[in-house]
Amino acid sequence: MLNWGLNRHSGGQNSTGLSTSQDTSNSPPTVAPPKKVKIALALGGGAARGWAHIGVLRALDEAGIAVGMIAGTSIGALVGGCYLAGKLDELEAFARSLTMRRIASLLDLTIGGSGLFGGMRLTKRMQEHLEGLSIEDLEHPFVAVAAELNTGHEVWIANGSLITALRASYALPGIFEPVRSNGRTLVDGALVNPVPVSVCRTYEQPLVVGVNLHYDLYGRSAVIKHNVGPPNGDLLRREDAPATKLGMTGVMVQAFNIIQDRIARARLAGDPPDLALHPRLSDIGLSEFHRAGEAIERGYEETLARLTEIRRMQEAYAR
């Protein structure tokens, strides 16, 4: 803001010789911008729907909203870890380049293992950008949530190899082989904490924003009374058969999806975030990683629509 009371020429005169001095004693004081706290993000799991987290982070960056911490589960850990490592551009380029054929080329089928896919091809892709990087090297606190297969314990990975932490957090049981680390067998954290708001609370973050990717998937968990029909009606008639067969992997993933949704609802009811983002993603399948562009756009749009609320809460929590 220009200070019009300040003399621009010596002697308080302008180029015409007229005096320009003014009394500045009544000038309004300079108003400092309101203080704002950084937000902590709890990025939930959701397989292919998790590309929406990229859009969320893009919108926050464009709006100048600072992120002070990220806790992530499954693909939420992958996106959050890459963001704090400064590799979000590379991850987005990779996600947008995926096609059905390329996805198949990245999956290394295993025979007799503890998962359908070993995951080493995906690990090699991560190593191209994250090799040698530790969680302690990141600019802000980061926690990847996993589950301990033998005990069922929730595991918070807050130090050590970033790649190992990300692999453990998205190791979907039956799909990817578990990650063995320091005597523990780790699998997908969505089994225990699908949207890790509680992690941010434990780290005493003042403003927690949760991103739930399953909000519009199953409605309000209705209970349905069902008539099974006559005794000889156990087998599906041709006209009752689903339009597309899920297959073994599809059934496993869909069952995991239901479990994750129920756990998320229970945990968020007891420990809700200060603000929740719910991108509308129900039409994007868990395995449709080739639809990254759509998921990213929906995460971006949802965040844009809530920016005013986020800014208001940042100012309120800073008081």
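Please refer to the structure higher up on the page.
Notes on the structure in this doc start here.

Next up on the list: the overall build of the protein. Within the protein, the secondary structure is distributed over ten helices and ten strands. Looking at the 319 residues of the protein, the share that counts as buried comes to 43%. Residue pairs in contact within the protein that sit at least 24 positions apart in sequence constitute 76% of those at least 6 positions apart. Surface accessibility of the protein: about 17,600 Å² in total, with carbon and sulfur atoms responsible for 54%.

Time to look at unusual backbone geometry. Phi at Asn182 takes a positive value of approximately 50 degrees, unusual for a residue other than glycine. Examined against the element boundaries, Asn182 turns out to sit in the loop between strand E7 (179-181) and strand E8 (184-188). One non-glycine residue, Glu204, adopts positive backbone phi at about 60 degrees. Here Glu204 shows up in the loop between helix H7 (197-202) and strand E9 (208-211).

For the rest of this paragraph, the subject is the packing of helix H1 (residues 52-62) against helix H2 (residues 75-84). Direction vectors running N to C along H1 and H2 enclose 35 degrees, while the axes themselves pass 10 Å from each other. Crossing geometry of H1 relative to H2 is assigned as right-handed. Where H1 abuts H2, its residues His53, Ile54, Leu57 and Asp61 lie against Ile75, Gly76, Val79 and Tyr83. Among the residues forming the contact of H1 with H2, the class breakdown is five nonpolar, two polar and one charged.

Mapped onto the elements of the fold, Val143 is located in strand E4 (residues 142-148). Counting along the chain gives 62 residues from Val143 to Gly81, while the straight-line C-alpha distance between them is 8.5 Å. Leaving out residues up to four positions away in the same chain, Val143 has contacts with Met69, Ile70, Ala71, Gly72, Trp156, Ile157, Ala158, Val199 and Tyr203.

Let us now look at empty space enclosed by the protein. In the structure shown here, the tally under the stated rule is two cavities of 30 Å³ or more. Space inside the second largest cavity adds up to approximately 30 Å³. As for the second largest cavity, its lining consists of Asn193, Val195, Val197, Ser198, Arg267, Leu268 and Asp271. Looking at the lining of the second largest cavity, the elements with two or more residues in it are H7 and helix H8 (247-270). Among the residues forming the lining of the second largest cavity, the class breakdown is three nonpolar, two polar and two charged.

The rules we used
- Residues numbered from 1 in each chain as written.
- Predicted model: local features only at pLDDT ≥ 70, side-chain atom pairs only at ≥ 80, totals over all residues.
- Heavy atoms only, no water.
- Helix = DSSP H or I, 4+ residues; strand = E, 2+ residues; numbered from the N terminus.
- Buried < 20%, exposed > 50% of the residue type's maximum accessible area, 1.4 Å probe, protein only.
- Contact = heavy atoms within 4.5 Å.
- Areas by Shrake-Rupley, 256 points an atom, 1.4 Å probe, with all protein chains shown as cover.
- Axes fitted to C-alpha atoms, helices over the stretch in contact; angles between N-to-C directions.
- Left-handed = near helix turned anticlockwise from the far one by under 90°.
- Nonpolar A, V, L, I, M, F, W, Y, C, P; charged D, E, K, R; others polar.
- 1 Å grid on protein atoms, 1.4 Å probe; cavity = no way out; pocket = protein on both sides within 12 Å on 5 of 7 lines; lining within 4 Å.
- Points joined across faces, edges and corners; volume = space filled by probe spheres on them.

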